[in-house]
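Chain by chain, the residues run as shown.
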Amino acid sequence: MRLAGTTEEITCSDSILVTGGAGFIGSNFVLDWLAAGCGAIVNLDKLTYAGNPENLASVENSAAYRFVQGDICDAELVTSLLQKHKPRAIVHFAAESHVDRSIVGPEAFLRTNIDGTFTLLQAARAYYGSLASADQERFRFLHVSTDEVYGTLTPEAPAFHEETPYAPNSPYAASKAASDHLVRAWLHTYGLPAIITNCSNNYGPYQFPEKLIPLMIANALQGKSLPVYGDGQQVRDWLYVGDHASALRTVLERGRVGETYNVGGGNQRSNLEVVKTVCALLDELVPESKFKPHLQLVKYVTDRPGHDRRYAIDARKLEAELGWRAQESFETGLRKTVVWYLRNASWVENVTSGAYHQWMTQNYSGRGEKVAAGERTR
Ligand code: NAD
Ligand code: DAU
């Protein structure tokens, strides 16, 4: 098989193509990958509200990093990027990621998470077919997914493992489950060398303050109420984002094609426990705050519709087979995270006020490949 318009076999470069690399986990992955000297990265990101190139300002002039603003649903763009950069792998983060938004407006989730993944798979399949056999051997399509595809657990149930049947409950989870199934089908039907990871809740630097932990930090610092859904006894299994980045690096280098790997750090906490810990850290780290004790800001609000009660991840396959281990406990990771948000108050201010879109316009228009037009051949 050949890419349209090509007659010769393509030889991979050492770069990888990342989608959604300007988001929370994607930007942490890009920084980790470049710091580890693993090779060059081409980052394709549409820059929705959740994408922020400011996260990657420290590497934007690096010869090993290239940013392309564009949509994974744009087949022509994706195909031209693969032809031009000849990546040895695709790491697919791009998605609509917030459950609450998926309840209010599921359309964007179906478009990006399902149609976008389909578009990427088709382009990847054609590209893979054009590679020389040695490059086919090492090519990987790594699909970054979530534990939410497994549905919800009772308090006594064992943690999700790789064989747990899919039972997604929210529009977000259903769209991610659909994308996982597409990846599986492209692997089995067309031989695309894919691997899927299903990870638990991440937290850490650069997380958009719509998600639980950064929202609680941002609101508490401003004396705003801390909205706890329902009774606050829902359980999530928390993983520091740097540990997720190292897990993905491990899977990319040593994971077996066709396998799925669950990723998690074994940190189950109820939402109320999480909020209490954030408040205690803020009491300690911001002793002059006039909103102390911050826990007084908690406000119980109407529950999320269809709210999953508990997630927990069994990551023993990843640990035993590939030797990965999370480095941060919930306590060390959360302290690092709170300190990061305290030191980066302007980042929160920029993303909540929308100022980063101005920053983006000033920094990214008319500068070659940083705008989509620079990558297009038409
Ligand atoms: P995020 O919302 O912070 O970032 C998503 C990124 O994708 C943004 O930069 C956005 O601009 C980009 N994007 C969205 N639509 C796009 C499109 N059509 N084309 C190109 N780019 C597009 O998300 P995140 O929390 O970093 O999650 C990244 C991935 O990891 C997602 O696939 C998510 O399902 C998965 N995941 C997230 C978590 C978590 O706790 N956040 C846990 C497990 C898995
Ligand atoms: O489990 C992995 C998933 O974790 C990822 O796939 C998703 O992309 C990511 O957003 C996250 O989903 P959650 O819905 O678990 O994350 P969120 O931060 O939105 O909520 C965490 C818990 O906190 C959840 O039980 C809902 C609750 N919550 C959330 C918010 C924003 C509150 O009680 N109050 C809030 O204001």
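See above for the structure.
What this report covers is the structure whose coordinates are included nearby. Here the structure is a predicted model, which is why all the values come from computation and not from measurement.

**With respect to the packing of aromatic side chains**
For step 1, the next point in the chain: Applying the stated criterion across every chain, the model contains 19 aromatic pairs.
For step 2, the next point in the chain: With 5.9 Å between their ring centres and 85° between their planes, Phe118 and Trp186 make a pair best called edge-to-face. Highlighted residues: Phe118 in helix α4 (residues 107–130) and Trp186 in helix α6 (residues 171–190), separated in sequence by 68 residues.
For step 3, the next point in the chain: According to the relative accessible area criterion, Trp186 is buried, its value standing at 9%.
For step 4, the next point in the chain: Centre to centre, the rings of Trp340 and Tyr341 are 4.9 Å apart; their planes meet at 80°, and the pair counts as edge-to-face.
For step 5, the next point in the chain: One aromatic cluster is present, formed by Tyr150, Phe160, Tyr166 and Tyr311 through successive ring pairs.

**Here we look at the sheet that holds strand β3 (residues 65–69)**
For step 1, the next point in the chain: Across the sheet, seven strands lie side by side as β3-β2-β1-β4-β5-β6-β10; this open sheet has parallel pairing. Edge positions in the sheet fall to β3 and β10 (260–263), since each has one partner strand and no second. Strand-to-strand twist across the sheet, computed as the mean angle between neighbouring axes with direction ignored, equals 20°.
For step 2, the next point in the chain: In this structure, strand β1 (residues 16–19) lies alongside strand β4 (residues 89–92), joined through four bridges in parallel fashion. Among the inter-strand pairings, Thr19 is bridged to a residue of β4, identified as His92.
For step 3, the next point in the chain: Sitting on the sheet, α6 touches β5 (140–146) and β6 (194–199), and the angle it makes with β5 is about 155°.

**Notes on the environment of Cys73**
For step 1, the next point in the chain: Tracing the backbone shows Cys73 in the loop between β3 and α2 (75–85).
For step 2, the next point in the chain: Residue Cys73 is classed as partly exposed on the basis of its relative accessible area of 21%.
For step 3, the next point in the chain: In sequence terms Cys73 and Thr112 are 39 residues apart; their C-alpha atoms lie 6.8 Å from each other.
For step 4, the next point in the chain: Dropping the residues within four chain positions of it, Cys73 is found in contact with Arg111, Thr112, Asp115, Gly116 and Thr119.

**Digging into the site of ligand 1**
For step 1, the next point in the chain: Around ligand 1, a shell composed of 28 residues is seen, among which Ile25, Asp45, Ser97, Tyr172 and Lys176 lie nearest.
For step 2, the next point in the chain: Between ligand 1 and the protein, one listed contact pairs an oxygen atom with a backbone N or O atom of Leu47 at 3.4 Å.
For step 3, the next point in the chain: For ligand 1, the accessible surface in isolation is 840 Å², of which the surrounding protein chains cover 97%.
For step 4, the next point in the chain: Going through the elements one at a time, α1 (24–35), β5, α6 and β7 (201–203) are the ones with two or more residues in the shell around ligand 1.

**Digging into the sheet that holds strand β9 (residues 235–240)**
For step 1, the next point in the chain: The strand order β7-β9-β11 describes an open sheet built from three strands, whose pairing is mixed. Single-partner strands in this sheet number two, and they are β7 and β11 (268–270). Here the average twist between neighbouring strands, direction ignored, is 50°.
For step 2, the next point in the chain: Sheet analysis places β7 next to β9, joined by three bridges and oriented parallel.

**Examining the layout of surface pockets**
Over the atoms a probe the size of a water molecule is rolled, and this reveals where empty space is left.
For step 1, the next point in the chain: Roughly 330 Å³ of volume is contained in the second largest pocket.
For step 2, the next point in the chain: Taken together, 20 residues make up the lining of the second largest pocket; nearest its centre are Glu162, Tyr166, Arg184, Ile196 and Thr260.
For step 3, the next point in the chain: Those elements that place two or more of their residues in the lining of the second largest pocket are α6 and β6.
For step 4, the next point in the chain: Among the elements that line the lining of the second largest pocket, the one with the most residues is α6, at six residues.
For step 5, the next point in the chain: Class assignment of the residues belonging to the lining of the second largest pocket gives a composition of eight nonpolar, six polar and six charged.

**Notes on the side chain of Asn43**
For step 1, the next point in the chain: Position of Asn43 relative to the elements: it lies in strand β2 (residues 41–45).
For step 2, the next point in the chain: Under the relative-accessibility criterion, Asn43 is labelled buried at 0%.
For step 3, the next point in the chain: A polar contact is formed between the side chain of Asn43 and the backbone nitrogen of Gly21, at a distance of 2.9 Å.
For step 4, the next point in the chain: Those residues in contact with Asn43 that sit more than four places away from it in its chain are Val18, Gly20, Gly21, Ala22, Leu56, Tyr65, Arg66, Phe67 and Val68.

**Things to note about the pattern of salt bridges**
For step 1, the next point in the chain: Tallied over the full model, the rule gives 18 salt bridges.
For step 2, the next point in the chain: For Arg138, the salt bridge is made with Asp135, and the minimal N-O distance between the two is 4.0 Å. Within this pair, Arg138 and its partner Asp135 are both found in helix α5 (residues 133–138), separated by three residues, close to a single helical turn.
For step 3, the next point in the chain: Residue Lys317 pairs with Glu259 through a salt bridge whose shortest N-O separation is 2.6 Å.

**Things to note about the site of ligand 2**
For step 1, the next point in the chain: Inspection of the region around ligand 2 gives 23 residues, with Thr146, Asp147, Tyr172, Arg304 and His307 positioned closest.
For step 2, the next point in the chain: If ligand 2 stood free it would expose 690 Å²; the protein chains cover 94% of that surface.
For step 3, the next point in the chain: Mapped by element, the contributors of at least two residues to the shell around ligand 2 are α7 (212–221) and β8 (226–229).
For step 4, the next point in the chain: Class assignment for the residues of the shell around ligand 2 results in ten nonpolar, seven polar and six charged.

Rules behind the numbers
Residues numbered from 1 in each chain as written. Chains lettered and ligands numbered in written order. Predicted model: local features only at pLDDT ≥ 70, side-chain atom pairs only at ≥ 80, totals over all residues. Heavy atoms only, no water. Phe/Tyr/Trp six-rings, centres within 6.5 Å; stacked < 30°, edge-to-face > 60°. Helix = DSSP H or I, 4+ residues; strand = E, 2+ residues; numbered from the N terminus. Buried < 20%, exposed > 50% of the residue type's maximum accessible area, 1.4 Å probe, protein only. Pairing = 2+ DSSP bridges. Axes fitted to C-alpha atoms, helices over the stretch in contact; angles between N-to-C directions. Contact = heavy atoms within 4.5 Å. Near = heavy atom within 4 Å. Polar contact = N/O pair within 3.5 Å; in protein donor to acceptor, adjacent residues only side chain to side chain. Areas by Shrake-Rupley, 256 points an atom, 1.4 Å probe, with all protein chains shown as cover. 1 Å grid on protein atoms, 1.4 Å probe; cavity = no way out; pocket = protein on both sides within 12 Å on 5 of 7 lines; lining within 4 Å. Points joined across faces, edges and corners; volume = space filled by probe spheres on them. Nonpolar A, V, L, I, M, F, W, Y, C, P; charged D, E, K, R; others polar. Salt bridge = Lys/Arg side-chain N within 4 Å of Asp/Glu carboxyl O.

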